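# Coordinate inspection notes
Residues per chain are reported as follows:
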Amino acid sequence: MDLDVFVATHQGEWARLDALARRRRLSGEEADELVGLYQRVTGHLAKVQAAAPDPALVGRLTGLVSRARSAVTGARTNGWQDVARYYTVSFPAALYRARRWWIPVAVVSLVVTALLAWWMATHPEVRNSMITSDQLREATRPGGEYESYYSDRPASSFAAQVWTNNAWVAVQCLIYGIALGIPVLMVMWTNVVNLAVGLGLMGSVGRLDVLLGLLIPHGLLELTAVFVSGGLGLRLGWTIIDPGPRTRAAALAEQGRSIIGMSIGLATVLAVSGVLEAFVTPSGLPTWARISIGVLAEAAFLLYALVLGRKAAASGELGDVDAADRADLQPVAA
């Protein structure tokens, strides 16, 4: 290939493409021309790379093709717009689409927790096998371990510790889904048992209302985030077993991207829960006020996930990354 002749022949097309790619507004005819020129210049770049890879010309055409592609496909939104779109569209849509997993996880977990707590509260032999009478008295007395847990450390450091611990539980649920979801069940069971023990022990001495007054302000939102994580982990595990009409690799890639995105949103939810646990739960507010704050926070999350999420999902949002950022996939037979 004679590069001088090639450049002289196509110089006019390259200049025209560059001019169109730099314009902010195009007419219909100009937009069609832009697409046609973009396709032709992409072919020119491929020919130069294959036959005469001159670095200067390759760099020039690569930059031109890149600008033209941005003009054809549309410029990317800035970072703040991406963040706003994530929290108002992508995350709620992903929550709504995963509701058939995390809502059953929540219901089953709460029912099992209630049954275990009742069993421990009404069967002394069960309590005695777990804790001595002196330990029970120290843990459940006024100002004891269950009450002082929320107020014996500085609020800011306690909030950070709570967020870290809860985020780790959520991350475990999300990651363990790759092992067919089986470890997720173990994590959820541990969480259920820990909660049931506290409820059962406080219930056995007639102070269940005190513990609920301390748990509800932050616990509703915190537990919901953990239930969502557990549901997502189980969904990922089931995807390995039954990927549906997609290839297993494509299905796992889609679910994996969704889980990575969800982890950011869940970390935010757990951060809010941590703030409530550090600053509202041990505060001097009346119990009814603290409980009301917790109920309002939970109601806001459910409206966010099930109402705003439904609207976003109905518009076609998948909770995945934008189509332009996903790898192209070949169609597969159903």
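In the block above lies the structure referred to throughout.
Sequence order as written defines the numbering, with residues in each chain counted from 1. pLDDT decides what is reported in this predicted model: residues at 70 or higher carry local features, side-chain atom pairs at 80 or more are listed and counted, and totals for whole chains, interfaces and linings draw on all residues regardless. Side-chain calculation: all heavy atoms of the structure are included, whereas hydrogens and water are not.

## Some thoughts on the overall build of the chain
Heads up, the rule is: By definition, any uninterrupted DSSP run of H or I lasting at least four residues is a helix, any uninterrupted run of E lasting at least two residues is a strand, and each is numbered from the N terminus. The size measure is the radius of gyration over C-alpha atoms, and the globule rule it meets is 2.2 Å times the number of residues to the 0.38 power. Buried residues are those whose accessible area, probed at 1.4 Å on protein chains only, stays under 20% of the maximum for their type, while exposed residues exceed 50% and partly exposed ones sit between those limits. Methods summary: accessible areas were calculated by the Shrake-Rupley approach with a probe of 1.4 Å, and residue burial reflects only the protein chains presented. Positive charges are assigned to Lys and Arg, negative charges to Asp and Glu, while His and the chain termini are left out of the count. Where a charge lies is defined by one atom per residue type: Lys uses NZ, Arg uses CZ, Asp uses CG and Glu uses CD.
When helices and strands are tallied, the chain shows 13 helices and 0 strands. The order of α-helices and β-strands along the chain, N terminus first, is α-α-α-α-α-α-α-α-α-α-α-α-α. At 28 Å, the chain has a C-alpha radius of gyration far larger than the 20 Å of a compact globule built from 334 residues. In terms of its C-alpha atoms, the chain occupies a principal-axis envelope of roughly 95 × 45 × 35 Å. Within the chain, the proportion of its 334 residues that are buried is 39%. Entry remark: accessible area of the chain is about 18,200 Å², with carbon and sulfur atoms responsible for 64%. Here the chain holds 28 positive side-chain charges and 27 negative ones, and the gap between their average locations is 4 Å.

## A look at helix α2 (residues 28-51)
The following threshold applies: In this scheme, a helix's expected span is set at 1.5 Å multiplied by one less than its residue total. By definition in these notes, contact holds between two residues if any of their heavy atoms fall within 4.5 Å.
Taking 1.5 Å per residue as the helical rise, α2 with its 24 residues ought to reach 34 Å, and the 35 Å between its terminal C-alpha atoms agrees with that figure. Regarding α2, the residues found buried are Glu30, Leu34, Gly36, Leu37, Tyr38, Val41, His44, Leu45 and Val48. Check the buried side of α2 and you find it contacts α1 (3-22) and α3 (55-73).

## Describing the side chain of Glu298
Mapped onto the fold, Glu298 is located in helix α13 (residues 287-314). When sequence neighbours within four positions are dropped, the list of residues in contact with Glu298 reads Leu220, Leu221 and Thr224.

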